[in-house]
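# Summary of the model geometry
Each chain is listed here by its residues.
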Amino acid sequence: MLMNKRTFLKTASLATIAIIFNPLAACVSSKTTHGGSAAANKNGLFVLKSPFTLPSLQYDFAALAPNIDKQTMEIHHGKHHQGYVDKLNKAIEGTNFANQNLLEIMENVSEKEAAVRNNGGGHYNHSLFWESLSPKNQVITGNLKTAIEKDFGSYEAFQKAFTDEAKGVFGSGWAWLCKANDGKLFITSTPNQDNPLMTKLAEKIGTPLLGLDVWEHAYYLNYQNKRAEYIENFYKIINWEKIEERFNA
Ligand SMILES: [Fe+2]
């Protein structure tokens, strides 16, 4: 169907709003890898395609301080994430990826497409990350709490396993809490900007519920080489309400 400029702008605006409010929803797979179905597309968020845009934060840059400082947030969001968005849009121009939503890009990208892998992953991971954080000190409750206790033994055991995974990332990467096809939770990590949605690249495949950015750009201004301290403080600013919403989706 041909799309005139006005329709295109309207669609693009709706898509932008959709990803701002729920970037993860855009990534609920229609493929069997994640246990979804075509029906999962009914929420309309799968129209999210290029040009991708930088999602706004739902809190002030300074709101997460002292756990994550204002300047780190400004640079991380405004420079690093913006850079991934810009480079992703450029990398997919004129390729098959230009017609794919962000989830499809994650699932289809291979090691041959380094720019799409790095910048597409960068855009997805950071979109998820911003929404995983909250200035409110939240505790884990509900179905997610039950699942964590079932799959890890206790919240403390989960926290220890996640901390160990995050500390163990060599160089730049991410630690993840994911939901597998069978609904079980698991912890994993990925190098650089890879993530567990990348079926052709990740060791363990699943739907990310919570991701922790352990690139130095995420903490170095405030913590320098003390990654362990950054990880420890991360637990004070997790948006568990959002993580449970993803778990229940
Ligand atoms: Fe980052």
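The structure we're discussing is the one just above.
## Brief notes about the overall build of the protein chain
- Looking only at helices and strands, the protein chain features nine helices and three strands.
- When its helices and strands are written in sequence order, the protein chain yields α-α-α-α-α-α-β-β-β-α-α-α.
- Going through the 249 residues of the protein chain one by one, you find that 48% of them count as buried.
- Just so you have it, the protein chain exposes about 12000 Å², and 52% of that area is on carbon and sulfur atoms.

## Structural notes on the pattern of salt bridges
- According to the stated counting rule, one finds eight salt bridges in the structure shown.
- The shortest N-O distance in the salt bridge between lysine 242 and glutamate 245 comes to 3.0 Å. Taken together, the residues lysine 242 and glutamate 245, both in helix 9 (residues 240–248) and three residues apart, mark about one turn of the helix.
- Connected through shared salt-bridge partners, Glu131, Lys242, Glu245 and Arg246 make up one network.

## Description of the coordination of the iron ion
- All of the protein donors around the iron ion are His76 (NE2), His126 (NE2), Asp213 (OD) and His217 (NE2); their distances to the metal are 1.9 to 2.1 Å.
- Coordination geometry of the iron ion: the four donor atoms subtend angles of 92 to 134 degrees at the metal centre, consistent with an arrangement described as tetrahedral.
- Written as a sequence motif, the donor residues of the iron ion are H-x49-H-x86-D-x3-H. In this pair, histidine 126 sits in helix 4 (residues 114–131) while aspartate 213 sits in strand 3 (residues 207–213), placing the two residues 87 residues apart along the sequence.
- The exposure class assigned to histidine 126 is buried, which follows from its relative accessible area of 0%.
- Judged by relative accessible area, aspartate 213 falls into the buried class, the value being 0%.

## Some words on the environment of glutamate 113
- Secondary-structure assignment places glutamate 113 in the loop between helix 3 (102–108) and helix 4.
- C-alpha of glutamate 113 to C-alpha of alanine 91: the two residues are 22 residues apart in sequence and 8.8 Å apart in space.
- Sequence-distant contacts of glutamate 113, defined by excluding residues within four places in its chain, comprise Phe97 and Asn108.
- A polar atom in the side chain of glutamate 113 sits 2.8 Å from the backbone nitrogen of serine 110.

## Brief notes about unusual backbone geometry
- A cis amide bond links alanine 65 with the next residue in sequence, proline 66, at an omega value of 5 degrees.
- Position of proline 66 relative to the elements: it lies in the loop between helix 1 (5–21) and helix 2 (70–92).
- With a phi close to 50 degrees, asparagine 192 is a non-glycine residue in the positive phi region.
- Position of asparagine 192 relative to the elements: it lies in the loop between strand 2 (185–191) and strand 3.

## Re the side chain of serine 134
- Mapped onto the secondary structure, serine 134 falls in the loop between helix 4 and helix 5 (142–152).
- A distance of 3.0 Å separates the side chain of serine 134 from the backbone nitrogen of lysine 136, its partner in a polar contact.

## Some words on the packing of aromatic side chains
- According to the stated counting rule, one finds 13 aromatic pairs in the structure shown.
- For the ring pair phenylalanine 158 and phenylalanine 162, a centre distance of 5.7 Å and an interplane angle of 45 degrees mean the geometry is tilted. With phenylalanine 158 and phenylalanine 162 both in helix 6 (residues 155–168) and four residues apart, this pair spans about one turn of that helix. An identical accessibility class is assigned to phenylalanine 158 and phenylalanine 162; each is buried.
- Clustering of aromatic rings is evident, with ring pairs tying together Phe152, Tyr155, Phe158, Phe162, Phe234, Tyr235 and Trp240.
- Here lysine 179 stacks its cationic end above the ring of phenylalanine 247, 4.7 Å away from the centre of that ring.

Definitions and cut-offs
Per chain, the residues get numbers from 1 upward, laid out in the order the sequence is written. Reporting of local features is limited, given that this is a predicted model, to residues whose pLDDT is at least 70; pairs of side-chain atoms are given and counted only at 80 or more, and all residues count toward the totals for whole chains, interfaces and linings. As a convention, hydrogens and water are excluded, and side-chain values are obtained from all of the structure's heavy atoms. To qualify as a helix, a DSSP run of H or I must reach at least 4 residues; to qualify as a strand, a run of E must reach at least 2; elements of each kind are numbered from the N terminus. Exposure categories follow from relative accessible area, calculated using a 1.4 Å probe and restricted to protein chains: below 20% of the type maximum is buried, above 50% is exposed, and the middle band is partly exposed. Using a 1.4 Å probe, the Shrake-Rupley method yields the accessible areas, and only the shown protein chains count as cover for residues. For this analysis, a salt bridge means a side-chain nitrogen from Lys or Arg found within 4 Å of a carboxyl oxygen belonging to Asp or Glu. Coordinating N, O and S atoms are those within 2.8 Å of the metal (3.2 Å for Na, K and Ca), and as water is not part of the atoms, a site may appear to have fewer donors than expected. Geometry assignment treats four donors as tetrahedral when all angles are between 85 and 135 degrees, treats four as square planar and six as octahedral when opposite donors are over 155 degrees apart and all others between 65 and 115, and treats everything else as irregular. Contacts were defined at the residue level, with two residues in contact if any of their heavy atoms lie within 4.5 Å. A 3.5 Å cut-off defines polar contacts: any pair of N or O atoms within that distance qualifies, except that in protein one atom must be a possible hydrogen donor and the other a possible acceptor, and neighbouring residues in sequence count only when both atoms are side-chain atoms. Between the rings of Phe, Tyr and Trp (Trp by its six-membered ring), a pair exists once the centres lie within 6.5 Å; its type follows the angle of the planes, with under 30 degrees stacked, over 60 edge-to-face, and the other angles tilted. Cation placement over rings: the criterion is NZ of Lys or CZ of Arg within 6 Å of the ring centroid and within 35° of the ring normal.

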